[in-house]
Amino acid sequence: MEPAPSRVRLAVREAIHALSSSEDGDHIFCILGSLKRYLSETEPPALPGEKEEFASAHFSPVLRCLASRLSLAWLELLPDGRLEELWASFFLEGPADQAFLVLMEAIEGAAGPSFRLMKMAQLLARFLREGRLAVLMETQCRQETQPGFPLLRETLLGKVVALPDHLGNRLQRENLAEFLPQNYFRLLGEEVVRVLQAIVDSLQGGLDSSVSFVSQVLGKACIHGRQQEILGVLVPRLAELTQGSCLHQRVCWRLMEQVPDRAMEAVLTGLVEAAQGPEVLSRLLGNLVVKNKKAQFVMTRKLLFLQSRLTTPMLQSLLGYLATDSQRRPLLLQVLKELLETWGSSSAVRHTPLLQQRHVSKAILICLVHLREPELRDSRDELLASMMAGVKCRLDSSLPSVRHLGMIVAEVISARIHPEGPPLKFQYEDDELSLELLALASHQPAGDGASEAGTSLAAATAESPVETPAETVDGGVPQARLAVSDSELDSDDEFVPYDMSGDRELKSSKAPAYVRDCVEALTTSEDIERWEAALRALEGLVYRNSTATQEVSMELAKVLLHLEEKTCVVGFEQLRQRALVAVTVTDPARVADYLTSQFYALNYSLRQRMDILDVLTLAAQELSGPRCLRRAPQPGSPSPGTQCLQVAAASQPGSAVASGWRVVVEERIRSKTRRLSKGGLRQGPAGSPNRFSSVAGHFFFPLLQRFDRPLVTFDLLGDDQLVLGRLTHTLGALMCLAVNTTVAVAMGKALLEFVWALRFHVDAYVRQGLLSAVSSVLLSVPAARLLEDLPDELLEARSWLADVAEKDPDEDCRTLALRALLLLQRLKNRLLPSAAP
Amino acid sequence: MAAPCPLPPPDPQFVLRGTQSPVHALHFCEGGQAQGHPLLFSGSQSGLVHIWSLQMRRALATLDGHGGQCVTWLQTLPQGHQLLSQGRDLKLCLWDLAEGRNTVMDTVRLESVGFCRSSILVRGQRWMLAVPGKGSDEVQILEMPSKTSVCTLKPEADAKLGMPMCLRLWQADCSPRPLLLAGYEDGSVTLWDVSEQKVRSRIACHAEPVMDLDFDSQKAKGISGSAGKALAVWSLSGQQALQVCGTHQLTNPGIAEVTIRPDRKILATAGWDHRIRVFHWRKMRPLAVLAFHSAAVQCVAFAADGLLAAGSKDQRISLWSLYARA
């Protein structure tokens, strides 16, 4: 038999009955007032036991009943909204968790937009405004110590965090500002701070409490991707609170420790992003990384190795956090080792995007700044080994930025690991990246309790450029003093300086006047000045005397190809290259044959092979361009008049004669014609045949012939992938320059085959070359011929391009593949309209 | 300050050809035969001294007294009609040129085979001559025309100055004591007090041997050129101490001779880089770079009226009229 119902139960049952049936406003008011006794201190107060019973057993049914009764008519039973006020007070003053759950339930249960729904939503907003959420969480924290209902807590947790979603779904367009996620989670953050404050107070009062519910709320909110809102409020406040108070710190650590494992990553990522500097992070987290495996994994592996989204200040605060405590320092060393291992792995260099590599490099430099000499000494050999491996495979890389990264990091590491040895020094240009990295390396960690923000980094970067001008100023003093020393004044107007622009470094006047002399001077001359003068004069001579050059073109090309810098001549490489280009342009077929045959010959250095490629490209460019653009920038060329004559004479043997009579006729016409008005004499650009057209094959096909046959000294498919990259780029350029030539179709076919053979090459530079080669095929070969002759190749290329555009680790490769795909698409669009009818 | 569009460098007024040998020394002689037209003496590597008429622009006479050895220095005496020529045959000849004569009146035997040019200081009828001495680092002072050796200026044994490269005797207006400025092989310029045979002051102003110097006694300021890439300007303080005022960097190394125009407004340098450079003397502002010669310029000289002559290894003597005197 069930026990006799208590007084409270009877009263409640009666009240619920009356509420659900009565339409008399005063009666209802009276009943509610009597129930209210169990909630608050209004007279006459109920017994504490009764209050407790009401709160735990009867509150929810009463609220449900109240919620279900709500309607416009019901509220207007009493004037002035008195009933509404009383009604709302039940929700706002009773136990917060039950009120919250009933409210949510009522809102979710509402069929559609209605008066009742809006009222409930407004009540919920008021509930939030009045800080009942903090009360709710606090109650949960209190109850932690007693056995509770896990299911209820789970539901509560879900509702608290998912409130914006539920409300958004329900209210659709009528949603209130309070329920928008960006506002709600900020509010939640503030409430969390209040709860923590309350917990601290209660701990001081000797009461036991737990923060695990708050941790769960925090974790869940972060999993929902709301780190920015909630932590953006929470972290600064906590940083402030934990500054002086030990108790606050402890509570905060506890809060972080209680975060469930699956939410740990989200919370930590958000914290690292929100925290200003390592000090704050250290105060908030304590030794979490040592205690919690998951946290350790996130902080020391995931954020460093698997992601690259942390900015430099975040990296600094993360690694600085690891460095601030002696218990965490071994982790830092461990991290450095692992970072270096990753940095030194050749597969990582090849397969990770540049952004990630940069991230790892930065992390290494920051680690080095934090680690001290003795700590490094123990694992010096290990670190050195990984560094050497990394430097080697980075310097091997054909991408300049990867090489660059390798040099900078290697310099810094070797300086730290071997401070006593001779410093490692590479030559590289100072760009933004190197300055940033070097600033990182020289940036000293701030002392304890010093500045928290990363401003010192900005100061360090700003400092370095300032120093240099100060030094250069000193050098100019003696000259300035000379001008100033005489103070007497008299008129110097009569001493007007003449033009002194001709005052250059004196070069010997032994420059040869004939191409043959140049060849002789370059091969046999022991006289360095003559040698240099010959080199300087050569380009001009070759262009001026094309016939004489053709006689010795092969010999000249050979000499120039083997030429070595005997003394330090300014711009030697350029001079040699320009001369070679000039020779190639003057006698394209033979010289190109020679150069391409030498490309695969034994006993050349990589430098020479790459020079061959450059020269071929430049010469092709010059040959394919219109003639009038040529020679303009080159000093020492003959005067314009003679040049024109030469051009006319060189273009066609009979043209001088042919143009003679035309001039006469035109002159006669002009003299016999009367013109009323004369426009400006307009001369369109003179047309001339594309000189590259007839020789493109000589430039192109020999280069394709033997790339897969390794020599003892030259293995294109093996170690010498840098040259292979250059070769692919050169082939692409030649293809591009061969636009509008008859041989373009054959070239395109051969090039696509070549690309097909190499399409899975591991080196990004090679792949870039291949992709640009495909693009140039699409650009240069006429669309109709492409479709006719190369349909299969195009299909294959298309699927390959789509694959690269999606999956390639290198960003440039993806972009190039996309471009090629666009070109293909354009080709299709152009062909479709004509194919449709 | 500079004009918006500077004038192109001028061409020489005229060029004297016919020495058939590189020109090593030039000297203008005022008050020659024709009024207003000075004579120009040139000394060549083949040992000949040519006397040029600037009116007719041709050689009037040729003096052959150095046995085919290079003539390195020419100087006329103020009483006129007497010319001193120094040759690498270790002889210094005194020529009598009066009334169309051209005979050697006297010779002084030199002891040094170097390129150092001599210097004279005229005091009334008598004059003083400074020549490189017997020891490689010595300078000998002779009383002329008696050819009596007054003294030998020998640096201290541990000074290591090297050979004297150029000499300039002068005397301050207020003081009776003759002084000698000498540029040495180690790049230093030294001020000797001749009567006390002591070094008054010394400055190391060049890294290369000093090739020539000129001194402006009114401003107590001098300039020296060396085999290196710089001109040095130095001054003499009241206590007769030399101090460097500044250096002027040149585009190409090597200065064969430095000459300040008699009105002390501008100066010219003869460069191994085939160019004559003209500077404003007070401010050391570059005024012109004259590129005409095709070989090293060996000597420059100014006439009293401002005409500039330059002799070069390309066997030509160019004459320029720049910044004519008001």
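Throughout this description, residue numbers start from 1 for each chain and increase along the sequence as written. Naming scheme: in the order in which they are written, chains are lettered from A and ligands are numbered from 1. For a predicted model such as this one, the threshold for reporting local features is a pLDDT of at least 70, and the threshold for listing and counting side-chain atom pairs is 80 or more; totals across whole chains, interfaces and linings nevertheless cover every residue. To obtain the side-chain values, all non-hydrogen atoms of the structure were used and water was disregarded.

For chain B, an unreviewed UniProt entry supplies the name G protein subunit beta 1 like and the organism Saimiri boliviensis boliviensis.

Chain A is annotated in an unreviewed UniProt entry as Telomere length regulation protein TEL2 homolog from Saimiri boliviensis boliviensis. Chain A has a UniProt comment under Sequence similarities (unreviewed entry) that states "Belongs to the TEL2 family." UniProt positions are given in the numbering used here, feature names are shortened, and annotations may be inferred rather than shown by experiment.

**Q** Mind laying out the overall build of chain A, listing which residues take part and the relevant values?
**A** Helix numbers and strand numbers start at the N terminus; a helix is a DSSP run of H or I with at least 4 residues, a strand a run of E with at least 2. Across its full length, chain A holds 42 helices and 0 strands. By the convention used here, residues are in contact when the closest approach between their heavy atoms is within 4.5 Å. Put simply, of all contacts in chain A between residues at least 6 apart along the chain, 74% involve residues at least 24 apart.

**Q** So what about the overall build of chain B? Which residues, and what values?
**A** Looking only at helices and strands, chain B features 0 helices and 28 strands. Remark: exposure states derive from per-residue accessible area (1.4 Å probe, protein chains only) relative to the maximum for the residue type, with buried under 20%, exposed over 50%, and partly exposed in between. Across the 326 residues in chain B, those meeting the buried criterion constitute 58%. Restricting the contact set of chain B to residue pairs at least 6 apart, pairs at least 24 apart contribute 42%. The protein chains shown are the only cover counted for residues, whose accessible areas, like all others here, come from Shrake-Rupley with a 1.4 Å probe. Within the structure as shown, chain B displays about 13400 Å² of accessible surface, and the carbon and sulfur contribution to it stands at 49%.

**Q** Lay out the environment of Cys813(A) with the relevant residues and their values.
**A** Residue and element names in this part refer to chain A. Along the chain, Cys813 turns up in helix H42 (residues 811-835). Considering only alpha carbons, one finds Cys813 and Ala764, 49 residues apart in sequence, at a separation of 7.1 Å. Excluding residues within four positions of it along the chain, Cys813 makes contact with Ala764, Arg767, Gln768, Leu771, Val804 and Asp808.

**Q** Tell me what's going on with the UniProt feature "repeat: WD" (unreviewed entry) in chain B, and back it up with residues and numbers.
**A** Here the UniProt feature "repeat: WD" (unreviewed entry) sits at residues 179-202 and 290-326 of chain B. For residues 179-202 of chain B, helix accounts for 0% and strand for 71%, while the C-alpha atoms at its two ends are 13 Å apart.

**Q** If you had to explain unusual backbone geometry to someone new, which residues and values would you point to?
**A** Pro145(B) follows Met144(B) through a cis peptide bond whose omega is 0 degrees. With respect to the helices and strands, the residue Pro145(B) is situated in the loop between strand E12 (139-144) and strand E13 (148-153). Residues other than glycine seldom take positive phi values, yet Asn603(A) does so here, at roughly 60 degrees. Looking at the element boundaries, Asn603(A) is found in the loop between helix H32 (588-599) and helix H33 (606-624).

**Q** Summarise the sheet that holds strand E20 (residues 230-236) of chain B; cite the residues concerned and give the values.
**A** Residue and element names in this part refer to chain B. Ordered in space as E18-E19-E20-E21, the 4 strands form an open sheet in which the pairing is antiparallel. Strands at the two margins of the open sheet, each flanked by one partner only, are strand E18 (210-216) and strand E21 (242-249). Averaged over neighbouring strand pairs, the angle between their axes works out to 20 degrees when direction is ignored. Two strands pair if DSSP finds at least two bridges between them. Here E20 runs beside E21; their pairing, made up of 7 bridges, is antiparallel. Residue pairing in the sheet places Ala230 in a bridge with Gln249 of E21. Lines fitted to C-alpha atoms define the axes here, with helix axes fitted over just the stretch in contact, and angles between the N-to-C directions of these axes take values from 0 to 180 degrees.

**Q** Kindly report on the packing of aromatic side chains, identifying the contributing residues and their values.
**A** The pairing test for Phe, Tyr and Trp rings, Trp by its six-membered ring, is centres within 6.5 Å, and the orientation test on the planes gives stacked under 30 degrees, edge-to-face over 60, and tilted for anything in between. Under the counting rule described, the total for this entry stands at 13 aromatic pairs over all chains. On the basis of an interplanar angle of 15 degrees and a centroid distance of 6.0 Å, the ring pair of Trp531(A) and Phe572(A) is categorised as stacked. With Trp531(A) in helix H29 (residues 528-544) and Phe572(A) in helix H31 (residues 572-586), the pair connects residues that are 41 residues apart, well separated along the chain. Counting every residue linked through ring pairs, the aromatic cluster contains Phe495(A), Tyr498(A) and Tyr323(B).

**Q** Tell me about the pairing of strand E5 (residues 58-64) of chain B, and please be specific about residues and values.
**A** Residue and element names in this part refer to chain B. When strand E4 (residues 48-53) meets E5, the two strands line up antiparallel, connected through 6 bridges. Considered in E5, the bridge of His50 is made with Thr62. Where E4 folds back onto E5 in an antiparallel hairpin, the turn is made up of 4 residues, including Arg57, whose phi is positive at roughly 60 degrees.

**Q** Can you tell me about the packing of H31(A) against H33(A), naming the residues and giving the values?
**A** Residues and elements named next belong to chain A. Direction vectors running N to C along H31 and H33 enclose 55 degrees, while the axes themselves pass 9 Å from each other. Here H33 runs oblique to H31, going by the angle between their axes. Considering only the axes of H31 and H33, their crossing is right-handed. Together, Glu573, Arg576, Gln577, Leu580, Val581, Thr584 and Val585 of H31 and Asp611, Asp614, Val615, Leu618, Ala619, Glu622 and Leu623 of H33 make up the contact between the two elements. Residues are grouped as follows: nonpolar covers Ala, Val, Leu, Ile, Met, Phe, Trp, Tyr, Cys and Pro; charged covers Asp, Glu, Lys and Arg; every other residue, Gly included, is treated as polar. Per-class residue counts for the contact of H31 with H33 are 7 nonpolar, 2 polar and 5 charged. Note that the term roughly parallel is reserved for angles under 35 degrees, roughly antiparallel for angles over 145, roughly perpendicular for angles of 65 to 115, and oblique for everything else. By the definition used in this description, the sense in which the near helix is turned from the far one sets the handedness, with an anticlockwise turn below a right angle giving left-handed and a clockwise turn giving right-handed.

**Q** Could you give an account of the interface of chain B and chain A, with specific residues and numbers?
**A** At the junction of the two partners, chain B supplies 37 residues and chain A supplies 19 residues. When two components associate, each loses some accessible surface as probed by a 1.4 Å sphere; the sum of these losses over both components is called the buried area. With both sides pooled, the region where chain B packs onto chain A buries about 2600 Å², and carbon together with sulfur makes up 53% of that total. The term salt bridge refers to a pairing of a side-chain nitrogen on Lys or Arg with a carboxyl oxygen on Asp or Glu at a separation within 4 Å. Viewed at the interface, chain A and chain B are joined by 0 salt bridges. For this analysis, a polar contact is any N or O atom pair within 3.5 Å, provided that within protein one partner can donate a hydrogen and the other can accept it, and provided that sequence-adjacent residues contribute only side-chain to side-chain pairs. At the junction of chain B with chain A, the criterion picks out 4 residue pairs in polar contact (both at pLDDT 80 or more). For the side of chain B that touches chain A, the secondary-structure elements that each account for two or more residues are E21, strand E24 (275-280) and strand E25 (285-291) of chain B.

**Q** Which residues make up the sheet that holds strand E22 (residues 255-260) of chain B, and what are the values?
**A** Residues and elements named next belong to chain B. The strand order across the open sheet formed by 4 strands is E22-E23-E24-E25, and the pairing between neighbours is antiparallel. Each end of this open sheet is capped by a strand with a single partner; those strands are E22 and E25. The sheet shows a mean angle of 20 degrees between the axes of neighbouring strands, taken without regard to direction. As defined by bridge partners, strand E23 (residues 266-271) adjoins E24 across 5 bridges and the pair is classed as antiparallel. Paired with Leu267 across the two strands is Phe279, which belongs to E24.

**Q** Mind laying out the pairing of strand E27 (residues 307-312) of chain B, listing which residues take part and the relevant values?
**A** Residue and element names in this part refer to chain B. With 6 of 6 residues buried, E27 is to be regarded as a mostly interior element. Alternating positions in E27 separate into two faces, Leu307, Ala309 and Gly311 on one and Leu308, Ala310 and Ser312 on the other, with burial throughout. Pairing geometry for strand E26 (residues 297-302) and E27, over 5 bridges, is antiparallel. Pairing of Ala301 across the sheet is with Ala309, part of E27. Taking the residues between adjacent antiparallel strands as the criterion, E26 and E27 are bridged by 4 residues, where Gly306 takes a positive phi near 100 degrees. Where E27 hands over to strand E28 (residues 317-321), the hairpin turn is made up of 4 residues, of which Gln315 adopts a positive phi near 75 degrees.

**Q** A description of the state of the cysteines should follow, citing residues and the corresponding values.
**A** Residues and elements named next belong to chain B. Disulfide: a pair of cysteine sulfur atoms within 2.5 Å of each other. Applying the stated criterion across every chain, the model contains 0 disulfides over all chains. For the unlinked cysteine Cys116, the closest cysteine sulfur is that of Cys166, found at 6.7 Å. For Cys116, a relative accessible area of 3% corresponds to the buried category. The buried category is assigned to Cys166, whose relative accessible area is 3%.

**Q** Could you give an account of the pattern of salt bridges, naming the residues involved and the relevant values?
**A** All names here are of chain A. Under the counting rule described, the total for this entry stands at 44 salt bridges over all chains. Ionic pairing is found between Arg576 and Asp611, a salt bridge with its closest N-O pair at 2.2 Å. Separated by 35 residues along the polypeptide, Arg576 in helix H31 and Asp611 in helix H33 bring together distant segments of the chain. Just as Arg576 is buried, Asp611 falls in that class too. Counted as one network, the salt bridges with shared partners bring together Glu573, Arg576, Arg607 and Asp611.

**Q** Now, about the side chain of Ser21(B): what can you tell me, with residues and values included?
**A** Residues and elements named next belong to chain B. Structurally, the position occupied by Ser21 is in the loop between strand E1 (14-16) and strand E2 (23-34). Judged by its relative accessible area of 5%, Ser21 is buried. In this structure the side chain of Ser21 is engaged in a polar contact, spanning 3.2 Å, whose partner is the backbone nitrogen of Gln45.

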